[in-house]
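Each chain, letter by letter, is given below.
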Amino acid sequence: MNQTAKSFSDKWHRNRDLAFSETLREGSEIQQWILKRNGWNGPEDLHAHLSERRRLLDAGCGNGRVTALLRQHAHSEATVTGIDLTAADVARENLAGTERTEFFTRDLLGDLADQGRFDFIYCQEVLHHTADARRAFLNLSGLLAPGGELAIYVYRVKAAAREFTDDFVREAISAMPYEEAMAVCRQITALGKALHDSGQVVRVPEVPVLGISAGEYPVQRLLYHFFLKCFWNDALSFEDNAVINYDWFHPQLATRHTMPEVLGWFQEAGLRVEHRLEDEYGITVRGTAVV
């Protein structure tokens, strides 16, 4: 098992419920982030979007938290499939007893033909952890039924100082076993919490050479956006916050991309772009297979 696969196997098998309830809790910051980056203003929009789709795929499902969200809002007759290289068993256990839901251990770069065709494929926070994000994308696009939709999210290229610091920490801890790496991530998490708890807000000028946009920022978000990923969310436990920081820093495969690059993938696959969004964290694009 390569380093990135081992990293995620450790993450999900040691943190089986990570962000699961928050993903399903209506109005939570995590659920809102998932919905709004995809252009859905609320759960009712997701429900409407999935209403006519009968085969759904969560590609890189992790512990099944988004699979559960899709199942919750899909048509009652729809089948929802989750595939993951390292955690399909965790997702299967978390959704045990859920009707018309199935899980398989699959590599997104492998032969997926036996999975059939899908009306909607969700693959977010995953492609950048494969050895070839473009090839994995094209592999998934080949599973779309006519008129089917593929919705992806990948890391974007960030401000220069943030890129440097992220790579520095990643190189420092990627060879560490889980608990050693988590010890470092707990320190980074404590920094994020301290900055958040300070309640301080600062107004900064635009600094193009550092990729900093002018504006008013809580100090934790200023550091987070432009200098260091030090995630903190009050709705999660300290340990869950630390695991989310681990998720960013520990896997060696963590490519970053640009919007023109990603749009090129959609064009290459013959998909019509329906929605696109680039924020401080990543790039979200939804596209449909032209009938």
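Quick caveat: nothing in here was measured; it's all calculated off a predicted structure.

Lay out the nonpolar core with the relevant residues and their values.
Formed by 44 residues in total, the largest nonpolar core has its most connected members in L56, L70, F120 and F249. With six residues, helix α11 (residues 238-249) is the single largest residue contributor to this core. Those residues in contact with L70, other than ones at most four positions away along the chain, are L50, L56, D58, V80, F120 and Y122.

Please give an account of the sheet that holds strand β1 (residues 55-59) that cites residues and values.
Taken in spatial order, the seven strands line up as β3-β2-β1-β4-β5-β9-β8 in an open sheet, and their pairing is mixed. Two strands close off the open sheet at either side, each with one partner strand: β3 (101-105) and β8 (271-278). Within the sheet, the average angular offset between the axes of one strand and its neighbour, ignoring direction, is 15 degrees. One ladder, built from seven bridges, connects β8 with strand β9 (residues 282-289); its direction is antiparallel.

Got a sec to walk through the packing of aromatic side chains? Specific residues and values, please.
In this structure the tally under the stated criterion is 12 aromatic pairs. Pairing W33 with Y153 gives two aromatic rings, centres 5.5 Å apart and planes at 75 degrees, and the pair type is edge-to-face. Of this pair, W33 sits in helix α3 (residues 29-37) while Y153 sits in strand β5 (residues 144-155), placing them 120 residues apart in sequence. The exposure class of W33 is partly exposed, given its relative accessible area of 30%. Seen in terms of ring centroids, W33 and Y281 are 6.4 Å apart; in terms of plane orientation they differ by 80 degrees. Their pairing is edge-to-face. With a gap of 248 residues between them, W33 in helix α3 and Y281 in the loop between β8 and β9 connect regions that are remote in the sequence. Each residue in the set W33, Y153, Y224, F231 and Y281 is aromatic and connected to the rest through ring pairs, giving one cluster. Between the NZ or CZ atom of R37 and the centre of the ring of W33, over which it lies, the distance is 4.1 Å. Above the face of the F118 ring, R55 is positioned so that its terminal group lies 4.3 Å from the ring centre.

Tell me what's going on with unusual backbone geometry, and back it up with residues and numbers.
Backbone geometry places A19, a non-glycine residue, at a positive phi of 60 degrees. Turning to its location among the elements, A19 is positioned in the loop between α1 (3-14) and α2 (20-24). The backbone of E125 shows a phi angle near 65 degrees, a positive value even though the residue is not glycine. As for its position among the elements, E125 is in the loop between β4 (118-124) and α7 (133-141). Here E125 falls in the partly exposed class, since its relative accessible area comes to 27%.

Could you give an account of the pattern of salt bridges, naming the residues involved and the relevant values?
The full count for this structure, using the stated rule, is 20 salt bridges. Between K193 and D197 there is a salt bridge, with its nearest N and O atoms 2.6 Å apart. Here K193 and its partner D197 are both found in helix α9 (residues 178-198), four residues apart, which amounts to about one turn of the helix. For D197, a relative accessible area of 45% gives the class partly exposed. Here R272 ties to E274 by a salt bridge, and the two come within 3.0 Å at their closest N and O atoms. Among the residues examined, E274 registers a relative accessible area of 39% and is labelled partly exposed.

Can you explain the environment of Y217? Please cite residues and give values.
Along the chain, the position of Y217 falls in strand β7 (residues 215-218). Considered as a pair, Y217 and Q200 are 17 residues apart in the sequence and their alpha carbons are 8.6 Å apart. Excluding residues within four positions of it along the chain, Y217 makes contact with Q200, V201, V202, V204, L222, H225 and F226.

Just give me the short version of the pairing of strand β2 (residues 79-84), but keep the residues and values in it.
Counted residue by residue, β2 has six buried out of six residues, so it is predominantly covered. Alternating positions in β2 separate into two faces, T79, T81 and I83 on one and V80, G82 and D84 on the other, with burial throughout. Where β1 meets β2, five bridges bridge the pair, whose relative direction is parallel. Its bridge partner being in β2, R55 is matched across the sheet by T79.

Account for the packing of helix α4 (residues 43-50) against helix α5 (residues 65-73), naming residues and giving values.
Contact geometry for α4 and α5: axes closest at 8 Å, N-to-C directions at 70 degrees. Here α4 lies roughly perpendicular to α5, going by the angle between them. Where α4 abuts α5, its residues P43, L46, H47 and L50 lie against L69, L70 and H73. Across the contact of α4 with α5, the residue classes break down as five nonpolar, two polar and no charged.

Conventions and cut-offs
- Residues numbered from 1 in each chain as written.
- Predicted model: local features only at pLDDT ≥ 70, side-chain atom pairs only at ≥ 80, totals over all residues.
- Heavy atoms only, no water.
- Core = buried A, V, L, I, M, F, W, Y, C linked by side-chain atoms within 4.5 Å.
- Buried < 20%, exposed > 50% of the residue type's maximum accessible area, 1.4 Å probe, protein only.
- Helix = DSSP H or I, 4+ residues; strand = E, 2+ residues; numbered from the N terminus.
- Contact = heavy atoms within 4.5 Å.
- Pairing = 2+ DSSP bridges.
- Axes fitted to C-alpha atoms, helices over the stretch in contact; angles between N-to-C directions.
- Phe/Tyr/Trp six-rings, centres within 6.5 Å; stacked < 30°, edge-to-face > 60°.
- Lys NZ or Arg CZ within 6 Å of the ring centre and 35° of its normal.
- Salt bridge = Lys/Arg side-chain N within 4 Å of Asp/Glu carboxyl O.
- Parallel < 35°, antiparallel > 145°, perpendicular 65-115°, else oblique.
- Nonpolar A, V, L, I, M, F, W, Y, C, P; charged D, E, K, R; others polar.

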